[in-house]
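# Geometric and topological summary
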Amino acid sequence: MTMKNMILIDLETQDFDVRSGIYEVACLAVEDYRVVDQLYLGKKIDGYTGSTRYGFGYHNISRDRDSIGRFKAFLAKYPYPLVAHNAPFDRKFLLYYRWIDRNYPAYCSIQAIKKEISHLRSYSLENLIRHFNIGDEVDHTAMSDTMNLYRLLCIVRPGTWVPLGEAYNTGSSAG
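Because the structure is predicted, anything quoted here is derived from the model rather than measured. (Residues numbered from 1 in each chain as written. Predicted model: local features only at pLDDT ≥ 70, side-chain atom pairs only at ≥ 80, totals over all residues. Heavy atoms only, no water.)

### As for the environment of L11
Using the following cut-off: We count a stretch as a helix when DSSP gives it H or I for four or more residues in a row; a strand needs E for two or more, and each element gets its number in order from the N terminus. Classification of residues uses two cut-offs on accessible area relative to the type maximum, computed with a 1.4 Å probe and protein chains only: under 20% is buried, over 50% is exposed, and between them is partly exposed. In what follows, a contact means two residues having at least one pair of non-hydrogen atoms within 4.5 Å.
By the element assignment, L11 lies in strand β1 (residues 5-12). Take L11: its relative accessible area is 3%, and that puts it in the buried class. Each C-alpha atom, one on L11 and one on S122, is 21 Å from the other, the two residues being 111 residues apart in sequence. If we skip the residues at most four places from it in the chain, L11 touches I22, E24, V25, D90, F93 and L94.

Written as structure tokens, this is what we have:
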């Protein structure tokens, strides 16, 4: 299946455990590889001066009604599948905190890119942006990572997207 419309999404979570919370969310509504809208959710901690990678320096918005309401309104305005790099990770947080329903369609860009380009040693976002000369490193901030994913998908333009939960036949176990 090809995908014409999608919402690219990235979360910053500070830890792999869903109980750690959601600290930043960035979404790009994409129609035929053009960004038509964006949403950023994050509440900075006043006076914080350290690194903002992985959502540090931000308040936990996991259960913030305003953030959840704005996110759900964005999905209602753009009822497109979610696409994330390593989507199972982001999706488990969105499900745990009830930002999406279990049946909301989600796709993993790693799997889609592997179907197009099967020879890379790593499909991490950092390796891919270097490979395609998009940038030198990943900031691990929600909007920056989402923009990098957008630039990457504009280059690769995957033709095969497999919904999360269906078997992947990638021929590679690299991740």
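Still more ground to cover, so stick around.
### Digging into the packing of aromatic side chains
How two aromatic rings sit relative to each other is set out by the distance from centre to centre and by the angle between their planes. The condition is simple: Ring pairs are drawn from Phe, Tyr and Trp, using the six-membered ring of Trp, whenever the two centres fall within 6.5 Å, and their geometry is named by plane angle: stacked under 30 degrees, edge-to-face over 60, tilted for the rest. Whether a charge lies above a ring is judged from NZ of Lys or CZ of Arg, which has to be within 6 Å of the ring centre and within 35 degrees of the ring normal.
For the coordinates displayed, the defined rule picks out seven aromatic pairs. Pairing F71 with W99 gives two aromatic rings, centres 5.2 Å apart and planes at 55°, and the pair type is tilted. Here F71 is found in helix α1 (residues 65-77), whereas its partner W99 is found in the loop between α2 (87-96) and β5 (106-108), with 28 residues between them in sequence. The class of F71 is buried, set by a relative accessible area of 0%. Judged by centre distance (4.8 Å) and plane angle (85°), the ring pair of Y96 and Y97 falls under edge-to-face. Taken together, the ring pairs in this structure connect F16, F89 and F93 into an aromatic cluster. In this structure, R157 is placed above the aromatic ring of Y33, and the distance from its NZ or CZ to the ring centre is 4.2 Å.

### Some points on α1
Think of an α-helix as 3.6 residues a turn; residues three or four steps apart then line up on the same face. Put simply, the rule is: What a helix is expected to span follows from its residue count: subtract one and scale by 1.5 Å. Each direction from the helix axis to a C-beta atom contributes to the arc, which is the arc of those directions.
Taking 1.5 Å as the rise per residue, α1 with 13 residues should run 18 Å; its terminal C-alpha atoms sit 18 Å apart, in good agreement. Those residues of α1 that sit buried are S67, I68, F71, F74 and L75. Within α1, the buried residues cover an arc of 125° as seen down the axis, which keeps them to one side. Exposed and facing more than 90 degrees away from the buried side of α1 are R65, A76 and K77. For α1, the secondary structure elements touched by its buried residues are β1, β2 (24-31), β3 (34-42), β4 (82-84) and α2.

### Side note on the nonpolar core
So the rule is basically this: To qualify as a nonpolar core, a set must consist of buried Ala, Val, Leu, Ile, Met, Phe, Trp, Tyr and Cys residues joined through side-chain atoms within 4.5 Å.
With 58 residues, the main nonpolar core has V25, F71 and W99 as its most contacted residues. Counting residues per element, this core draws most heavily on helix α5 (residues 142-156), which supplies seven residues. Apart from residues no more than four positions distant in its own chain, W99 is found in contact with I22, V25, L41, I61, S62, S67, I68, F71, K72 and L94.

### Describing the packing of helix α3 (residues 109-116) against α5
This is how it is decided: Axis lines are fitted through C-alpha atoms, for helices just across the contact stretch, and the angle between N-to-C directions can take any value from 0 to 180 degrees. The cut-offs work like this: below 35 degrees is roughly parallel, past 145 is roughly antiparallel, 65 to 115 is roughly perpendicular, and the gaps in between are oblique. For any helix crossing, the convention is left-handed if the near helix is rotated counterclockwise from the far helix by under a right angle, and right-handed if that rotation is clockwise. Three residue categories are used. Nonpolar comprises Ala, Val, Leu, Ile, Met, Phe, Trp, Tyr, Cys and Pro, charged comprises Asp, Glu, Lys and Arg, and polar comprises the others, including Gly.
Packing of α3 against α5 brings their axes to within 11 Å, and their N-to-C directions diverge by 25°. When the interaxial angle is binned, α3 and α5 end up roughly parallel. Our pair here, α3 against α5, has a crossing hand that is left-handed. Contacts between α3 and α5 involve S109, I113 and E116 on the former and, on the latter, L149, L152, L153 and V156. The residue makeup of the contact of α3 with α5, split by class, is five nonpolar, one polar and one charged.

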